[in-house]
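Breakdown of the fold
The residues making up each chain are set out below.
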2 protein chains.
Amino acid sequence: MTVDAMLIQIDFKSGKPVYLQVVDQIRYAAASGRLRSGEALPSIRPLAEELRVNRNTIAKAYAELESQGIIETLAGKGCFLKEGATPFKASVREKLLVKEIDEAVVTAHHLQISRKEFLQRVEERLDHFEARAQEIGSKEQNPRNPSSKHTS
Amino acid sequence: MTVDAMLIQIDFKSGKPVYLQVVDQIRYAAASGRLRSGEALPSIRPLAEELRVNRNTIAKAYAELESQGIIETLAGKGCFLKEGATPFKASVREKLLVKEIDEAVVTAHHLQISRKEFLQRVEERLDHFEARAQEIGSKEQNPRNPSSKHTS
DNA sequence: ATAACTGTCCTACTTGCCTATGACAGTTGA
DNA sequence: TCAACTGTCATAGGCAAGTAGGACAGTTAT
């Protein structure tokens, strides 16, 4: 079992498509700092083998992540966590953000969560992600050269 | 065109399942106060006719809303916005809430939204929903008897 | 040049989702 | 009781989603 295998855990009984489980877990890992900007992701075939799924399932997940502007894939070289700004313009970013926030707000309403408790929870989760990013950031510094990616 | 028809707008070109569009719009309407607690929802057949979809498509949406604890359906009488507490226990509510918040936080991270801007947006959206609820609540008071529902 | 990597495309199978129709059952008021 | 409502269930068709296998193309080091 490699260190890459620990990054992703598939639940075959969940009913949730495998490729979406991969997408979500990589999104989460990146936001919590477990994956660093510019870092190489596990390559498609080995990861597929470890998770016991088809290569195309992983390829589909990576394609989705690329369309979301989260990773960048160079044919023949590999896939890397994108460094630099999102490819989306301000109006699109705003729409995506408000949509996510509204879903959380509406859910909170139906769960009868008060405004105060909701805001506390939001701060708590922001802390959670920032704490993990901090922790990992200070543990190992410069493990690899981020610019070694573009050698061609 | 009835007042019920204005409550829901279906976009047949969106690719999003019709029944999910209905679910989301009713969730949203309830959270913004456009639908009041205990109020009767449009009944299945008339609504299906107005939206030009099958009855079972609406029935499926209502079934989903009931499973989410948002409406309550009495066979032979109709469907009503649920009054009273959610049927979910604290641990489930917490899981559902944190899941929604995390999705928003992760999305914000990848859109490179700062913590400050994110919190501002959250407050803004909370205001948005509360403002609508306030507005509607003061406009018309007691338009119908909420307890007239349980006559049997 | 060759071998061993990398990701990509084309094609195909299967399963489940979405939608639709018909028949059925509870409620209400004339 | 009867008619006109209400929601429900069983069944089925169509089609897209998810997954998979084979062949292909770019990269790198030997």
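I will try to describe carefully the structure that is included in this document. Every chain is numbered independently, its residues counted from 1 as its sequence is written. Each chain is given a letter, starting from A, and each ligand a number, starting from 1, according to the order in which they appear as written. For a predicted model such as this one, the threshold for reporting local features is a pLDDT of at least 70, and the threshold for listing and counting side-chain atom pairs is 80 or more; totals across whole chains, interfaces and linings nevertheless cover every residue. Think of the side-chain values as coming from all heavy atoms in the structure, minus any hydrogens and water.

With respect to the packing of helix 5 (residues 90–110) of chain A against helix 4 (residues 90–110) of chain B
A pair of packed helices is characterised by two quantities: the angle between their axes and the separation of those axes. Between the N-to-C directions of two axes lies an angle of 0 to 180 degrees, each axis being a line fitted to C-alpha atoms and, for a helix, fitted only over the stretch in contact. Only DSSP runs of H or I reaching four residues or more are called helices, and only runs of E reaching two or more are called strands; each is numbered from the N terminus. At a closest axis distance of 9 Å, the pairing of helix 5 of chain A and helix 4 of chain B adopts a crossing angle of 165°. Comparing their axes, helix 4 of chain B and helix 5 of chain A come out roughly antiparallel. Between helix 5 of chain A and helix 4 of chain B the crossing geometry is left-handed. Listed contacts from helix 4 of chain B to A:Leu97, A:Glu100, A:Ile101, A:Glu103, A:Ala104, A:Thr107 and A:Ala108 of helix 5 of chain A are B:Leu97, B:Glu100, B:Ile101, B:Glu103, B:Ala104, B:Thr107 and B:Ala108. Here the term charged refers only to Asp, Glu, Lys and Arg, the term nonpolar to Ala, Val, Leu, Ile, Met, Phe, Trp, Tyr, Cys and Pro, and the term polar to all other amino acids, Gly among them. Here the residues of the contact of helix 5 of chain A with helix 4 of chain B sort into eight nonpolar, two polar and four charged. For classification purposes, an angle smaller than 35 degrees is called roughly parallel, one larger than 145 roughly antiparallel, one from 65 to 115 roughly perpendicular, and anything else oblique. Each helix crossing is assigned a hand: it is left-handed if the near helix lies turned anticlockwise from the far helix by less than a right angle, otherwise right-handed if that turn is clockwise. A contact between two residues is defined here by any heavy atoms of the two lying within 4.5 Å.

Observations regarding the interface of chain A and chain B
Opposite the 39 residues of chain A that make contact, chain B presents 39 residues. Put simply, buried area is how much 1.4 Å-probe accessible surface two parts lose in total, over both of them, once they are put together. The junction of chain A with chain B conceals about 4,100 Å² of combined surface from both sides, 64% of it contributed by carbon and sulfur atoms. When a carboxyl oxygen of Asp or Glu is within 4 Å of a side-chain nitrogen of Lys or Arg, the pair counts as a salt bridge. At the junction of chain A with chain B, the criterion picks out 10 salt bridges. The shortest N-O distance in the salt bridge between B:Arg115 and A:Glu123 comes to 3.0 Å. Pairs of N or O atoms are called polar contacts if they sit within 3.5 Å, as long as, within protein, a hydrogen donor faces a hydrogen acceptor (for residues adjacent in sequence, only side-chain-to-side-chain pairs). Summed over the shared surface of chain A and chain B, the result is 18 residue pairs in polar contact (both at pLDDT 80 or more). Of all elements in the fold, only helix 2 (18–31), helix 5 and helix 6 (115–139) of chain A reach the threshold of two or more residues within the side of chain A that touches chain B. Here the side of chain A that touches chain B gets 16 residues from one element, more than from any other, and that element is helix 5 of chain A.

Here's the deal with the nonpolar core
Counting 28 residues, the largest nonpolar core has A:Leu97, A:Phe118, A:Val122, B:Leu97, B:Phe118 and B:Val122 as its most contacted members. Among the elements of the structure, helix 5 and helix 6 of chain A together with helix 4 and helix 5 (115–139) of chain B are those that each provide at least two residues to this core. If we ignore the near neighbours within four places in the chain, the residues touching B:Phe118 are A:Leu97, A:Ile101, A:Val122, A:Leu126, B:Ala104, B:Val105, B:Ala108 and B:Ile113. Residues belong to a common nonpolar core when they are buried Ala, Val, Leu, Ile, Met, Phe, Trp, Tyr or Cys residues joined through side-chain atoms within 4.5 Å. Partly exposed residues are those whose accessible area sits between 20% and 50% of the maximum for their type, while under 20% is buried and over 50% is exposed, using a 1.4 Å probe and protein chains only.

Quick look at the relation of the copies chain A and chain B
Superposition of the copies used a least-squares fit over C-alpha atoms from residues whose pLDDT is at least 70 in both. Least-squares fitting of chain A to chain B yields an RMSD of 0.1 Å, with the transformation described by 0.0 Å of translation along the axis and a rotation of 180°. Here the copies are linked by what is in effect a two-fold axis. The share of interface residues of chain A whose copies in chain B are also at the interface is 100%, consistent with both copies meeting through the same surface.

Quick notes on helix 4 (residues 55–67) of chain A
All names here are of chain A. Under the 1.5 Å per step criterion, the end-to-end length of helix 4 is 18 Å for 13 residues, consistent within 8% with the ideal 18 Å. Among all positions of helix 4, only Ile58, Ala61, Tyr62 and Leu65 are buried. Relative to the axis of helix 4, the buried residues are bounded by an arc of 95° and lie together on one face. Here the buried face of helix 4 lies against helix 2, helix 3 (44–51), strand 1 (71–74) and strand 2 (78–81). Structurally, the start of helix 4 carries an N-cap: the backbone nitrogen of Asn56 is 2.8 Å from a side-chain oxygen of Asn54. One or two steps after helix 4, the chain reaches Gly69, where phi turns positive at roughly 75°. In a helix, the anticipated span is given by 1.5 Å times the number of residues less one. This arc describes the spread of directions from the helix axis toward the C-beta atoms.

Looking at the pattern of salt bridges
One pass over the structure, following the stated rule, counts 16 salt bridges over all chains. Residue A:Arg115 pairs with B:Asp127 through a salt bridge whose shortest N-O separation is 3.0 Å. Of this pair, A:Arg115 sits in helix 6 while B:Asp127 is found in helix 5, placing the two residues in two different chains. Residue A:Arg115 is classed as partly exposed on the basis of its relative accessible area of 26%. Because the salt bridges share partners, they merge into one network encompassing A:Arg115, B:Glu123, B:Asp127 and B:Glu130.

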